[in-house]
Amino acid sequence: MSNTGESGSDAGGDDTGRGRSGPSAPGSVLAQPVPSGPRLPQPFTHIDTWVFDLDNTLYPSECNLFAQVDVRMGEFIAGYLGVPYDYARHLQKSYYRQFGTTLNGLMKVHGISPGSFLDYVHDIDISVVQEAPGLRSAIERLPGRKLIFTNGTIAHAERVAAKIGVLDLMDGISDIVATGYRPKPGADAFDAFIDTHSVEPASAAMFEDMPHNLEVPHALGMTTVLIQSTFIDHPAQAAARKWQSPPDHIHHMTPCLERFLTELVSGGPEQITDREPQSA
Ligand SMILES: [Mg+2]
């Protein structure tokens, strides 16, 4: 995932619990609204909260947007520490693997203030991201809340989601600031996200391109979907390329989020890999 993180307030906004199954008033069963929307395939019929990672998930990695962020992280480290770019890249990837994100490593090892890093790495050209009306149409038809949960910044998420054409469909965004600079894949990041947005894991699905970022959601009881990114910068991604079948914490996987969701809202199981969600 986004190896970054940033400033910005918690735009998460929606802590209303909309879409959650709460206690029913006595005798109110017949008064419950009839669910509308598409008939989803069985593994997703119970889902009322749809959680999307941003980078290389909501847009395809092939556009190389995140590759720009990746390069700028190395540039920032080289300038900040006064070291050659190649050594900065070595540090970048070492911190990424050791601390979950490059930023987390820079904060823990070098005590940097995150704001300048986040501003620098997200100063990128988003013209490479294409509007995705098909993805918008599919997300629009999903029943329940839609949330973005990113290790990047809310400003970056809003900018990119707007370019894709799905920002207005989102009920909230959780960024690295909102989690107190605690990044995925850490459990404390998910705890903060779940608490802020009143997410019921058992009825939530998470879409993410980093395989290890789905381990905690799976343990919490969420349905997990891996987007098979072509951007490989973590051993877990490289390992995933060799899977004969996905591990237990990956319920479904697809190379194309738009195709997966389009199949999903069409009720067609063809694109849904048949791995039933397992209890946590
Ligand atoms: Mg990602």
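Rules behind the numbers
Residues numbered from 1 in each chain as written. Predicted model: local features only at pLDDT ≥ 70, side-chain atom pairs only at ≥ 80, totals over all residues. Axes fitted to C-alpha atoms, helices over the stretch in contact; angles between N-to-C directions. Helix = DSSP H or I, 4+ residues; strand = E, 2+ residues; numbered from the N terminus. Parallel < 35°, antiparallel > 145°, perpendicular 65-115°, else oblique. Left-handed = near helix turned anticlockwise from the far one by under 90°. Contact = placed C-beta atoms within 7 Å. Nonpolar A, V, L, I, M, F, W, Y, C, P; charged D, E, K, R; others polar. Pairing = 2+ DSSP bridges. Buried ≥ 20, exposed ≤ 12 C-beta atoms within 10 Å, placed from the backbone.

*Asks:* Give me the packing of helix H1 (residues 65–81) against helix H4 (residues 114–121): which residues, what numbers.
*Replies:* Viewed as axis vectors pointing N to C, H1 and H4 meet at an angle of 135°, and their least axial separation amounts to 8 Å. Here H4 runs oblique to H1, going by the angle between their axes. Considering how the two elements wind past one another, H1 and H4 form a crossing that is right-handed. Residues Val-69, Arg-72, Met-73 and Phe-76 of H1 form the contact with H4, whose own contacting residues are Phe-117, Tyr-120 and Val-121. Partitioned by chemical class, the residues of the contact of H1 with H4 number six nonpolar, no polar and one charged.

*Asks:* Explain the sheet that holds strand E2 (residues 145–149) to me, and be specific about the residues and the numbers.
*Replies:* On the basis of which strands lie adjacent, the open sheet formed by six strands has the order E3-E2-E1-E4-E5-E6 and parallel pairing. Looking along the sheet, the strands with just one partner apiece sit at the ends: strand E3 (172–174) and strand E6 (252–254). Recorded for the sheet is a direction-independent mean angle of 20° between the axes of neighbouring strands. Bridge count for strand E1 (residues 49–52) against E2 is four bridges, and the pairing is parallel. Residue Trp-50 lies in a different strand from E2, and its bridge partner there is Lys-146. The strands touched by helix H7 (residues 187–197) within the sheet are E2 and E3, with E3 carrying the most contacts at an inclination of about 155°.

*Asks:* If you had to explain unusual backbone geometry to someone new, which residues and values would you point to?
*Replies:* Note that the residue after Lys-184, namely Pro-185, is joined by a cis bond; omega there is 15°. By the element assignment, Pro-185 lies in the loop between E3 and H7. Residue Asn-64 is not a glycine yet carries a positive backbone phi of 65°. Relative to the helices and strands, Asn-64 is located in the loop between E1 and H1. C-beta crowding within 10 Å serves as the criterion here: with 16 such atoms nearby, Asn-64 is assigned to the partly exposed category. Even without being a glycine, Ser-198 presents a positive backbone phi close to 50°.

*Asks:* Please provide a residue-by-residue account of the pairing of E1, values included.
*Replies:* Side chains Thr-49 and Val-51 of E1 all project onto a buried face; the interleaved residues Trp-50 and Phe-52 project onto the opposite face, where all are buried too. The sheet contact formed by E1 and strand E4 (residues 204–208) spans four bridges and is parallel. From the neighbouring strand, Trp-50 faces E4, where its bridge partner is Ala-205.

*Asks:* If you had to explain helix H3 (residues 102–110) to someone new, which residues and values would you point to?
*Replies:* Along H3, the residues classified as buried are Thr-102, Leu-103, Asn-104, Gly-105 and Leu-106. If you follow the buried residues of H3, they end up packed against H1, helix H2 (85–99) and H4. Residue Gly-111 follows H3 closely and has a positive phi angle near 65°.

From the geometry alone we can't say anything about function, so treat these as descriptive.
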